[in-house]
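Listed here are the chains, written in short residue letters.
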Amino acid sequence: MKIIVTGSLGHIGLPLTKELIQKGHTVTVISSKPEKQKDIEALGAKAAIGTVEDAGFLTATFTGADAVYTMLPPVGYFDPNFDLMVHCRNVANNFAEAIRASGVKRVVHLSSVGAHMEKDSGLILCHREVEVTLNKLADVDITFMRPVGFYYNLYSFIPVIKNQGFIAANYGADEMLVWVSPIDIAAAIVEELETQPTHRKIRYVASDELTGNETASILGKAIDKPDLKWILIPGQQWQSALEAAGMNPKIAAGLVEMFAAQNSGLLTEDYYRHKPALGKVKLADFAKEFAIVYNQK
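Thresholds applied
- Residues numbered from 1 in each chain as written.
- Predicted model: local features only at pLDDT ≥ 70, side-chain atom pairs only at ≥ 80, totals over all residues.
- Heavy atoms only, no water.
- Helix = DSSP H or I, 4+ residues; strand = E, 2+ residues; numbered from the N terminus.
- Rg over C-alpha atoms; globule rule 2.2 N^0.38 Å.
- Buried < 20%, exposed > 50% of the residue type's maximum accessible area, 1.4 Å probe, protein only.
- Contact = heavy atoms within 4.5 Å.
- Areas by Shrake-Rupley, 256 points an atom, 1.4 Å probe, with all protein chains shown as cover.
- Lys, Arg positive; Asp, Glu negative; His and termini not counted.
- Charge placed at Lys NZ, Arg CZ, Asp CG, Glu CD.
- Pairing = 2+ DSSP bridges.
- Axes fitted to C-alpha atoms, helices over the stretch in contact; angles between N-to-C directions.
- Core = buried A, V, L, I, M, F, W, Y, C linked by side-chain atoms within 4.5 Å.
- Polar contact = N/O pair within 3.5 Å; in protein donor to acceptor, adjacent residues only side chain to side chain.
- Expected span 1.5 Å × (residues − 1).
- Phe/Tyr/Trp six-rings, centres within 6.5 Å; stacked < 30°, edge-to-face > 60°.
- Lys NZ or Arg CZ within 6 Å of the ring centre and 35° of its normal.

Caption draft 1: Summary view of the overall build of the protein. Scanning the protein for helices and strands turns up twelve helices and twelve strands. Relative to the 2.2 N^0.38 estimate, which gives 19 Å for 297 residues, the radius of gyration of the protein is 19 Å and therefore close to what a compact globule would have. Considering the protein as a whole, with its 297 residues, one finds that 52% of them fall into the buried category. Look at the contacts in the protein between residues 6 or more apart in sequence, and 76% of them connect residues 24 or more apart. A total of about 13600 Å² of accessible surface is found on the protein, and carbon and sulfur atoms cover 52% of it. Separation between the mean location of the 29 positive side-chain charges and that of the 33 negative ones in the protein comes to 3 Å.

Caption draft 2: Expanded view of the sheet that holds strand E4 (residues 67-71). On the basis of which strands lie adjacent, the open sheet formed by seven strands has the order E3-E2-E1-E4-E5-E6-E10 and parallel pairing. Single-partner strands in this sheet number two, and they are strand E3 (46-49) and strand E10 (200-205). Within the sheet, the average angular offset between the axes of one strand and its neighbour, ignoring direction, is 20 degrees. Taken together, the three bridges between strand E1 (residues 2-5) and E4 define a ladder with parallel strand orientation.

Caption draft 3: Examining the nonpolar core more closely. Grouped together as the largest cluster of nonpolar side chains are 69 residues, with contacts concentrated most on Phe-62, Phe-157 and Trp-230. Phe-62 has contacts with Ile-4, Ile-30, Val-68, Thr-70, Phe-95, Ala-98, Ile-99, Ser-102 and Val-104, leaving out every residue within four places of it along the chain. By size, the runner-up hydrophobic cluster in this structure holds 32 residues, among which are Ile-12, Ala-47, Ile-185 and Tyr-271.

Caption draft 4: Spotlight on the environment of Asn-135. Position of Asn-135 relative to the elements: it lies in the loop between helix H5 (124-134) and strand E6 (141-147). Each C-alpha atom of the pair Asn-135 and Thr-59 lies 18 Å from the other, and the pair is 76 residues apart in sequence. Every residue in contact with Asn-135, bar those within four places of it in the chain, is listed here: Phe-144 and Arg-200. Side chain to side chain, Asn-135 and Arg-200 meet in a polar contact 2.6 Å long.

Caption draft 5: Looking closely at helix H10 (residues 249-264). With 16 residues, H10 should cover 22 Å at 1.5 Å per step; its first-to-last C-alpha distance of 22 Å lies within 8% of that length. Looking only at H10, the buried set comprises Ile-251, Ala-252, Gly-254, Leu-255, Val-256, Met-258, Phe-259, Ala-261 and Gln-262. On the buried face of H10, the contacting elements are helix H4 (84-102), H5, strand E9 (176-180) and helix H9 (235-244). Capping the start of H10, Asn-248 holds a side-chain oxygen 2.9 Å from the backbone nitrogen of Lys-250, two or three residues further along. Directly beyond the C-terminal end of H10, a positive phi value near 95 degrees is found at Gly-265.

Caption draft 6: Focus on the packing of aromatic side chains. Tallied over the full model, the rule gives 14 aromatic pairs. Ring centres of Tyr-171 and Trp-230 lie 5.4 Å apart, and the angle between their planes is 70 degrees; this geometry places the pair in the edge-to-face category. Here Tyr-171 is found in the loop between strand E8 (167-169) and E9, whereas its partner Trp-230 is found in strand E12 (residues 230-232), with 59 residues between them in sequence. We note that Tyr-171, like Trp-230, is buried. Ring geometry for Tyr-271 versus Tyr-272: centroids 4.9 Å apart, planes at 75 degrees, classification edge-to-face. In this structure Tyr-272 comes out as partly exposed when scored by relative accessible area, which is 37%. Pairwise contacts between aromatic rings join Tyr-151, Tyr-155, Phe-286, Phe-290 and Tyr-294 into one cluster. Taking NZ or CZ as reference, Lys-162 lies 4.0 Å from the ring centre of Tyr-294, over its face.

Right under this line is the structure:
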(Lines give C-alpha, C1' and ligand atoms only; values in the text may rest on other atoms or scores of the structure.)
Protein backbone atom coordinates (compact mmCIF):
# COMPACT_ATOMS: atom_id res chain seq x y z
CA MET A 1 0.00 0.00 0.00
CA LYS A 2 0.94 3.64 -0.43
CA ILE A 3 0.81 5.07 3.09
CA ILE A 4 1.33 8.64 4.31
CA VAL A 5 2.76 9.08 7.82
CA THR A 6 2.47 12.39 9.66
CA GLY A 7 4.54 13.19 12.73
CA SER A 8 7.95 12.97 11.04
CA LEU A 9 10.39 10.51 12.66
CA GLY A 10 9.11 11.11 16.18
CA HIS A 11 8.50 8.68 19.03
CA ILE A 12 5.81 6.86 17.02
CA GLY A 13 6.71 7.89 13.46
CA LEU A 14 10.15 6.28 13.49
CA PRO A 15 9.17 2.74 14.55
CA LEU A 16 5.99 3.00 12.47
CA THR A 17 7.89 3.95 9.32
CA LYS A 18 10.48 1.22 9.87
CA GLU A 19 7.86 -1.49 10.30
CA LEU A 20 5.75 -0.39 7.34
CA ILE A 21 8.79 -0.37 5.05
CA GLN A 22 9.90 -3.76 6.38
CA LYS A 23 6.47 -5.10 5.44
CA GLY A 24 6.86 -3.83 1.88
CA HIS A 25 4.67 -0.74 1.93
CA THR A 26 5.51 2.47 0.07
CA VAL A 27 5.78 5.15 2.73
CA THR A 28 5.85 8.94 2.55
CA VAL A 29 6.73 10.73 5.78
CA ILE A 30 5.61 14.31 6.34
CA SER A 31 8.04 16.53 8.24
CA SER A 32 8.19 20.27 8.77
CA LYS A 33 11.99 20.14 9.04
CA PRO A 34 14.01 20.00 5.79
CA GLU A 35 16.98 18.56 7.67
CA LYS A 36 14.93 15.41 8.34
CA GLN A 37 14.76 14.54 4.63
CA LYS A 38 18.02 12.59 4.58
CA ASP A 39 17.02 10.57 7.67
CA ILE A 40 13.64 9.74 6.15
CA GLU A 41 15.16 8.70 2.84
CA ALA A 42 17.82 6.63 4.63
CA LEU A 43 14.98 4.44 5.93
CA GLY A 44 13.70 3.87 2.40
CA ALA A 45 10.76 6.28 2.65
CA LYS A 46 9.95 9.41 0.68
CA ALA A 47 10.08 12.75 2.47
CA ALA A 48 7.35 15.35 2.06
CA ILE A 49 8.58 18.58 3.62
CA GLY A 50 5.76 20.85 4.71
CA THR A 51 3.38 21.57 7.54
CA VAL A 52 0.04 20.17 8.66
CA GLU A 53 -1.09 23.78 8.94
CA ASP A 54 -1.09 23.94 5.12
CA ALA A 55 -4.20 22.20 3.77
CA GLY A 56 -3.00 22.53 0.17
CA PHE A 57 0.26 20.77 0.96
CA LEU A 58 -1.60 18.00 2.78
CA THR A 59 -4.02 17.52 -0.12
CA ALA A 60 -1.19 17.22 -2.63
CA THR A 61 0.69 14.78 -0.39
CA PHE A 62 -2.37 12.64 0.39
CA THR A 63 -3.46 12.38 -3.26
CA GLY A 64 -2.90 8.87 -4.62
CA ALA A 65 -2.38 7.29 -1.19
CA ASP A 66 -4.18 4.16 -0.07
CA ALA A 67 -4.10 5.17 3.58
CA VAL A 68 -3.04 8.02 5.84
CA TYR A 69 -1.86 8.05 9.45
CA THR A 70 -2.63 11.40 11.08
CA MET A 71 -1.73 12.89 14.44
CA LEU A 72 -1.59 16.23 16.18
CA PRO A 73 2.04 17.36 16.07
CA PRO A 74 3.77 18.21 19.36
CA VAL A 75 3.63 21.87 20.30
CA GLY A 76 5.39 24.14 22.75
CA TYR A 77 3.61 24.44 26.07
CA PHE A 78 5.67 27.43 27.17
CA ASP A 79 4.52 30.07 24.66
CA PRO A 80 2.24 32.40 26.68
CA ASN A 81 0.36 33.48 23.55
CA PHE A 82 -0.27 30.02 22.10
CA ASP A 83 -3.93 28.95 21.87
CA LEU A 84 -3.81 25.15 21.85
CA MET A 85 -7.50 24.61 21.09
CA VAL A 86 -7.48 26.94 18.10
CA HIS A 87 -4.34 25.24 16.80
CA CYS A 88 -5.87 21.77 17.14
CA ARG A 89 -9.10 22.88 15.50
CA ASN A 90 -7.19 24.30 12.53
CA VAL A 91 -5.13 21.14 12.10
CA ALA A 92 -8.27 18.98 12.35
CA ASN A 93 -9.97 21.04 9.64
CA ASN A 94 -6.89 20.79 7.44
CA PHE A 95 -6.80 17.01 7.80
CA ALA A 96 -10.49 16.75 6.98
CA GLU A 97 -10.18 19.04 3.95
CA ALA A 98 -7.15 17.18 2.61
CA ILE A 99 -8.72 13.75 3.12
CA ARG A 100 -11.90 14.87 1.38
CA ALA A 101 -10.13 16.62 -1.52
CA SER A 102 -7.55 13.87 -2.10
CA GLY A 103 -10.07 11.04 -2.08
CA VAL A 104 -8.29 9.00 0.60
CA LYS A 105 -10.64 6.34 1.97
CA ARG A 106 -8.60 4.88 4.85
CA VAL A 107 -7.38 6.86 7.85
CA VAL A 108 -5.80 5.84 11.15
CA HIS A 109 -5.73 8.78 13.54
CA LEU A 110 -3.81 9.07 16.81
CA SER A 111 -6.28 10.31 19.41
CA SER A 112 -6.11 9.73 23.17
CA VAL A 113 -7.62 7.98 26.13
CA GLY A 114 -10.35 10.25 27.50
CA ALA A 115 -11.52 11.44 24.07
CA HIS A 116 -14.95 10.01 24.90
CA MET A 117 -15.45 12.85 27.42
CA GLU A 118 -17.37 15.92 26.28
CA LYS A 119 -16.07 18.14 29.11
CA ASP A 120 -13.81 18.27 32.18
CA SER A 121 -10.93 16.46 30.46
CA GLY A 122 -8.55 19.39 30.05
CA LEU A 123 -6.12 19.07 27.15
CA ILE A 124 -7.84 15.89 25.94
CA LEU A 125 -10.62 18.08 24.55
CA CYS A 126 -8.23 18.86 21.68
CA HIS A 127 -8.21 15.19 20.72
CA ARG A 128 -11.98 15.01 20.99
CA GLU A 129 -12.19 18.03 18.68
CA VAL A 130 -10.25 16.15 16.01
CA GLU A 131 -12.37 13.01 16.40
CA VAL A 132 -15.57 15.02 16.03
CA THR A 133 -14.23 16.76 12.91
CA LEU A 134 -12.99 13.58 11.22
CA ASN A 135 -16.21 11.76 12.09
CA LYS A 136 -18.00 14.06 9.65
CA LEU A 137 -16.18 12.36 6.74
CA ALA A 138 -19.04 10.06 5.83
CA ASP A 139 -17.36 7.89 3.18
CA VAL A 140 -14.00 7.33 4.88
CA ASP A 141 -13.00 4.33 7.04
CA ILE A 142 -11.37 5.69 10.20
CA THR A 143 -9.71 4.01 13.17
CA PHE A 144 -9.22 6.26 16.18
CA MET A 145 -6.24 5.05 18.19
CA ARG A 146 -6.61 5.96 21.87
CA PRO A 147 -3.32 5.35 23.68
CA VAL A 148 -3.00 5.84 27.43
CA GLY A 149 -0.23 7.75 29.24
CA PHE A 150 3.08 7.71 27.35
CA TYR A 151 6.09 6.38 29.23
CA TYR A 152 8.23 9.27 28.04
CA ASN A 153 5.98 11.77 29.82
CA LEU A 154 7.68 10.52 32.98
CA TYR A 155 10.80 12.41 31.91
CA SER A 156 9.05 15.60 33.04
CA PHE A 157 9.42 14.43 36.65
CA ILE A 158 13.22 14.26 36.52
CA PRO A 159 13.77 17.81 37.85
CA VAL A 160 11.55 17.28 40.91
CA ILE A 161 13.13 13.88 41.60
CA LYS A 162 16.59 15.46 41.52
CA ASN A 163 15.59 18.51 43.57
CA GLN A 164 13.13 17.02 46.06
CA GLY A 165 13.63 13.27 45.96
CA PHE A 166 10.09 12.26 44.99
CA ILE A 167 7.49 12.46 42.20
CA ALA A 168 4.64 14.91 42.84
CA ALA A 169 1.42 15.48 40.89
CA ASN A 170 -2.35 15.70 41.36
CA TYR A 171 -2.71 12.07 40.26
CA GLY A 172 -0.82 8.84 40.91
CA ALA A 173 0.35 7.62 44.34
CA ASP A 174 -1.85 4.58 45.10
CA GLU A 175 -4.04 5.12 42.02
CA MET A 176 -3.75 2.61 39.18
CA LEU A 177 -2.06 4.20 36.17
CA VAL A 178 -1.96 2.88 32.63
CA TRP A 179 1.17 3.40 30.53
CA VAL A 180 2.08 2.83 26.90
CA SER A 181 5.21 2.61 24.77
CA PRO A 182 5.32 4.32 21.35
CA ILE A 183 6.68 1.02 20.02
CA ASP A 184 3.46 -0.76 21.01
CA ILE A 185 1.41 2.09 19.53
CA ALA A 186 3.29 1.82 16.22
CA ALA A 187 2.70 -1.94 16.10
CA ALA A 188 -1.03 -1.42 16.70
CA ILE A 189 -1.22 1.22 13.96
CA VAL A 190 0.40 -1.20 11.50
CA GLU A 191 -2.16 -3.84 12.44
CA GLU A 192 -5.01 -1.40 11.80
CA LEU A 193 -3.60 -0.28 8.44
CA GLU A 194 -3.25 -3.88 7.30
CA THR A 195 -6.67 -4.98 8.58
CA GLN A 196 -9.84 -4.91 6.51
CA PRO A 197 -11.39 -1.65 7.67
CA THR A 198 -14.74 -1.04 9.30
CA HIS A 199 -16.40 2.33 8.90
CA ARG A 200 -15.51 3.54 12.39
CA LYS A 201 -13.38 1.86 15.03
CA ILE A 202 -11.90 2.90 18.37
CA ARG A 203 -8.84 1.03 19.56
CA TYR A 204 -7.19 1.55 22.93
CA VAL A 205 -3.48 0.84 23.28
CA ALA A 206 -1.64 0.15 26.54
CA SER A 207 1.58 -1.54 27.63
CA ASP A 208 1.50 -1.79 31.43
CA GLU A 209 -0.75 -1.11 34.42
CA LEU A 210 0.80 -0.03 37.72
CA THR A 211 0.00 2.28 40.60
CA GLY A 212 1.85 5.56 40.88
CA ASN A 213 4.00 4.20 43.70
CA GLU A 214 4.74 0.98 41.79
CA THR A 215 5.79 3.18 38.88
CA ALA A 216 8.01 5.25 41.18
CA SER A 217 9.56 2.12 42.68
CA ILE A 218 10.55 0.70 39.29
CA LEU A 219 12.01 4.02 38.14
CA GLY A 220 13.69 4.50 41.52
CA LYS A 221 15.50 1.17 41.34
CA ALA A 222 16.79 2.09 37.87
CA ILE A 223 18.28 5.37 39.15
CA ASP A 224 19.59 4.05 42.48
CA LYS A 225 16.74 5.60 44.47
CA PRO A 226 14.90 2.43 45.60
CA ASP A 227 12.73 4.37 48.08
CA LEU A 228 11.37 6.79 45.48
CA LYS A 229 7.74 7.70 46.25
CA TRP A 230 4.92 9.29 44.30
CA ILE A 231 3.30 12.08 46.33
CA LEU A 232 -0.25 13.24 45.67
CA ILE A 233 -0.57 17.05 45.84
CA PRO A 234 -3.52 19.44 45.29
CA GLY A 235 -4.17 20.45 41.70
CA GLN A 236 -3.69 24.15 42.40
CA GLN A 237 -0.29 23.48 43.94
CA TRP A 238 0.85 21.57 40.89
CA GLN A 239 -0.59 24.17 38.53
CA SER A 240 1.31 26.90 40.36
CA ALA A 241 4.51 24.88 40.01
CA LEU A 242 3.94 24.42 36.28
CA GLU A 243 3.29 28.12 35.81
CA ALA A 244 6.36 28.98 37.87
CA ALA A 245 8.38 26.85 35.45
CA GLY A 246 7.10 29.03 32.61
CA MET A 247 4.24 26.96 31.23
CA ASN A 248 1.38 28.72 29.46
CA PRO A 249 -1.23 29.19 32.26
CA LYS A 250 -4.13 27.86 30.14
CA ILE A 251 -2.15 24.78 29.18
CA ALA A 252 -1.06 24.25 32.79
CA ALA A 253 -4.72 24.42 33.86
CA GLY A 254 -5.61 21.97 31.09
CA LEU A 255 -2.98 19.50 32.25
CA VAL A 256 -4.15 19.71 35.85
CA GLU A 257 -7.79 19.21 34.83
CA MET A 258 -6.82 16.27 32.63
CA PHE A 259 -5.00 14.52 35.46
CA ALA A 260 -7.79 15.32 37.91
CA ALA A 261 -10.09 13.41 35.54
CA GLN A 262 -7.60 10.56 35.57
CA ASN A 263 -7.42 10.60 39.36
CA SER A 264 -11.21 10.41 39.58
CA GLY A 265 -11.35 7.54 37.09
CA LEU A 266 -13.40 9.44 34.50
CA LEU A 267 -10.56 9.65 32.01
CA THR A 268 -10.06 5.89 31.85
CA GLU A 269 -13.59 4.60 32.38
CA ASP A 270 -14.15 3.91 28.65
CA TYR A 271 -10.70 2.32 28.44
CA TYR A 272 -11.70 -0.21 31.09
CA ARG A 273 -14.95 -0.91 29.25
CA HIS A 274 -12.94 -1.81 26.14
CA LYS A 275 -9.69 -2.91 27.74
CA PRO A 276 -7.13 -4.14 25.17
CA ALA A 277 -4.48 -6.80 25.54
CA LEU A 278 -1.35 -5.16 26.92
CA GLY A 279 1.62 -4.58 24.64
CA LYS A 280 5.13 -6.02 24.89
CA VAL A 281 7.12 -3.08 26.26
CA LYS A 282 6.84 -2.94 30.06
CA LEU A 283 7.73 -0.11 32.42
CA ALA A 284 10.77 -2.08 33.54
CA ASP A 285 12.03 -1.91 29.93
CA PHE A 286 11.44 1.84 29.74
CA ALA A 287 13.13 2.35 33.13
CA LYS A 288 16.48 1.55 31.49
CA GLU A 289 15.99 4.46 29.07
CA PHE A 290 14.73 6.65 31.92
CA ALA A 291 17.92 6.01 33.87
CA ILE A 292 20.08 7.04 30.91
CA VAL A 293 18.22 10.34 30.50
CA TYR A 294 18.15 10.90 34.27
CA ASN A 295 21.92 10.51 34.55
CA GLN A 296 22.52 12.88 31.63
CA LYS A 297 20.56 15.73 33.23
